[in-house]
Amino acid sequence: VYVLNRQISGLMESGYCEEAFAIYEKILPAGCKPDSYTYLHLIKGFCEGGELAEARKLFKKVLGGEEDHFCGLSKVILYNAMVHGLGSAGLVEEALDLVEEMRGRGFAPDMYTYNSILHSLGKVGKVTEALTIFESMADQGCSPDIVTYNSVISCLGKAGKAKEAFELFEGMRTEGCQPDQVTFNTLISILGKTGELDLALNLYEFMTRIGCEPDVYTYTSLVAGFCRANRIDEALVLSVEMTEKGCAPNTATFNSWLDGLCKGDKVVEAGLLFDKMLLLGYVPD
RNA sequence: GUGUUUUAUU
């Protein structure tokens, strides 16, 4: 099963749902038995591939009946994967129903469950609902962790509540939760959208100083922010700094650069950069 | 030995 599971997982990663499922169908004939990993990879892959119906079908097959194949942890992981898949597809109500179902069967939601739900609420703009759950989760035995804070900060930022996002940034520190690279990247991105670019630069320096290395997310947020504000020269300075520090750009970074060049009426240069991007083997999206 | 959650561009 291990080998076949790895194949399923690999095919799913590359978006080959059908092919992955074909491997699954070969498990029994091969004299093996699908295990919880098999179903996790299949359910997760189908969800990511937008094949929710297939994911639901498998989920029901393996957890819908009376039979009990897997240990509690495996079942919680499968529930969490399905909750996340539904939530990411914008089906928050269905995801919440599934959380109720797991509760009813005696499986307490864990950090993954809460964090997935919070993320999907943020994604559909249900900030109030997210905050309610955020504030009550500690009573349910799940104190917010770094992922929770980062997710809710991002959710507030997307809702245009930059002030509240920074209040939560303070809040997490008073609760003894150390901000990490993702926290800073999230905040820098928010500041890039509100146009508070000098504050963004302050945070960029600060994160470095306390040992959080800026990465491609940091630089792409900064470059995009400066381009948005038509401060192309500063975007360029940051781009040079990025490469000097050995941080490789990716397609999103190229998109920001192209955007900045076009905004700066340097369409010819944008064309040249695009050619260079292709030459370097980057795939435009 | 394969395990589910958070951040960037348009």
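Quick look at the structure, then. All residue numbers here refer to positions counted from 1 along the written sequence of the relevant chain. Labels are handed out in written order, letters beginning with A for the chains and numbers beginning with 1 for the ligands. Local features in a predicted model are, by the rule used here, given only for residues with pLDDT of at least 70; side-chain atom pairs are given and counted only at 80 or more, and totals for whole chains, interfaces and linings are based on all residues. Side-chain measures were taken over the full set of non-hydrogen atoms in the model, leaving aside hydrogen atoms and water.

Digging into the pattern of salt bridges
The salt bridge criterion pairs a side-chain nitrogen of Lys or Arg with a carboxyl oxygen of Asp or Glu, the two atoms within 4 Å. Inspection of every chain in the model, using the stated rule, returns 12 salt bridges. Residue Glu 94 pairs with Arg 56 through a salt bridge whose shortest N-O separation is 2.7 Å. Separated by 38 residues along the polypeptide, Glu 94 in helix 6 (residues 92–104) and Arg 56 in helix 4 (residues 52–63) bring together distant segments of the chain. Glu 94 sits in the partly exposed class, given a relative accessible area of 29%. Think of it in three bands: with a 1.4 Å probe and only protein chains considered, a residue is buried below 20% of the maximum accessible area for its type, exposed above 50%, and partly exposed in between. Accessibility expressed as a relative area gives 33% for Arg 56, which makes it partly exposed. The salt bridge involving Glu 101 is made with Arg 105; its shortest N-O contact spans 4.0 Å. Take Glu 101: its relative accessible area is 37%, and that puts it in the partly exposed class. Judged by relative accessible area, Arg 105 falls into the partly exposed class, the value being 37%. One salt-bridge network, held together by shared partners, links Asp 198, Arg 231 and Glu 234. Secondary structure elements are defined from DSSP: runs of H or I of at least 4 residues count as helices, runs of E of at least 2 residues count as strands, and each element is numbered from the N terminus.

As for the protein's contact with RNA strand B
One heavy atom within 4 Å of a molecule or strand is enough for the residue carrying it to be called near that molecule or strand. In the vicinity of RNA strand B, 39 residues are found, and the nearest of them are Tyr 2, Tyr 37, Tyr 112, Asn 115 and Asn 255. Whenever two N or O atoms come within 3.5 Å, that pair is a polar contact, provided that in protein one can donate a hydrogen and the other can accept it, and provided that, for residues adjacent in sequence, both atoms are side-chain atoms. A distance of 3.2 Å separates a base nitrogen of RNA strand B from a polar atom in the side chain of Ser 74. In this structure, a base oxygen belonging to RNA strand B sits 2.9 Å away from a side-chain N or O atom of Asn 150. At the level of secondary structure, the elements contributing two or more residues to the surface near RNA strand B comprise helix 1 (2–13), helix 3 (36–48), helix 5 (72–88), helix 7 (111–123), helix 9 (146–158), helix 11 (181–194), helix 13 (216–228) and helix 15 (251–263). Classes in brief: Ala, Val, Leu, Ile, Met, Phe, Trp, Tyr, Cys and Pro nonpolar; Asp, Glu, Lys and Arg charged; the others, Gly included, polar. For the surface near RNA strand B, a count of residues per class yields 12 nonpolar, 20 polar and 7 charged.

Some points on the state of the cysteines
Disulfides are covalent bonds that link the sulfur atoms of two cysteine residues. Throughout, a disulfide means two cysteine sulfur atoms within 2.5 Å of one another. With the rule as written, the count across this model stands at 0 disulfides. Cysteine Cys 47 shares no disulfide, and the gap to the nearest cysteine sulfur, in Cys 17, comes to 9.7 Å. Unpaired in terms of disulfides, Cys 262 finds its nearest cysteine sulfur in Cys 227, a separation of 10 Å. We classify Cys 262 as partly exposed; its relative accessible area is 39%.

So, helix 6
Each residue after the first adds 1.5 Å to the expected span of a helix. End to end, helix 6 covers 18 Å across 13 residues, agreeing with the expected 18 Å (1.5 Å per residue, within 8%). Among the residues making up helix 6, those that are buried are Val 92, Ala 95, Leu 98, Val 99 and Met 102. Within helix 6, the buried residues cover an arc of 115 degrees as seen down the axis, which keeps them to one side. The exposed set on the far side of helix 6, more than 90 degrees from its buried face, consists of Glu 93, Asp 97 and Gly 104. Gly 106 sits one or two residues past helix 6 and shows a positive phi near 90 degrees. By definition, the arc is the one covered by directions from the helix axis to the C-beta atoms.

Details of the packing of aromatic side chains
Aromatic pairs are defined between Phe, Tyr and Trp rings, using the six-membered ring for Trp, whenever the two ring centres lie within 6.5 Å; interplanar angles under 30 degrees are classed as stacked, those over 60 as edge-to-face, and all others as tilted. Counted under the stated rule, the structure contains 13 aromatic pairs. Each ring, one from Phe 59 and one from Tyr 79, has its centre 5.2 Å from the other, and the planes form 80 degrees; the classification is edge-to-face. Of this pair, Phe 59 sits in helix 4 while Tyr 79 sits in helix 5, and the two are 20 residues apart along the sequence. Grouped by ring-pair contacts, the aromatic residues Phe 21, Tyr 24, Tyr 39, Phe 46 and Phe 70 constitute a single cluster.

Section: the packing of helix 7 against helix 8 (residues 127–136)
Packing of helix 7 against helix 8 brings their axes to within 8 Å, and their N-to-C directions diverge by 160 degrees. Here helix 7 lies roughly antiparallel to helix 8, going by the angle between them. The hand of the helix 7/helix 8 crossing is left-handed. Packed against helix 7, whose contacting residues are Tyr 114, Ile 117, Leu 118 and Leu 121, the element helix 8 presents Glu 129, Ala 130, Ile 133 and Phe 134 at the interface. Considering only residue class, the contact of helix 7 with helix 8 consists of 7 nonpolar, no polar and 1 charged. Between N-to-C directions, angles cover 0 to 180 degrees, with each direction set by a line fitted to C-alpha atoms, over the stretch in contact for helices. Comment on the angle field: the value is read as roughly parallel under 35 degrees, roughly antiparallel over 145, roughly perpendicular from 65 to 115, and oblique elsewhere. Each helix crossing is assigned a hand: it is left-handed if the near helix lies turned anticlockwise from the far helix by less than a right angle, otherwise right-handed if that turn is clockwise. It only takes one pair of heavy atoms within 4.5 Å for two residues to be counted as in contact.

Structural notes on the nonpolar core
Here, nonpolar core means buried Ala, Val, Leu, Ile, Met, Phe, Trp, Tyr and Cys residues that are tied together by side-chain atoms lying within 4.5 Å of each other. In terms of nonpolar packing, the biggest core is built from 83 residues, with Ile 8, Tyr 39, Ile 43, Phe 59, Leu 78, Met 82 and Ile 153 touching the most fellow members. Those residues in contact with Ile 153, other than ones at most four positions away along the chain, are Ala 165, Leu 168, Phe 169, Met 172, Thr 183, Thr 186, Leu 187 and Ile 190.

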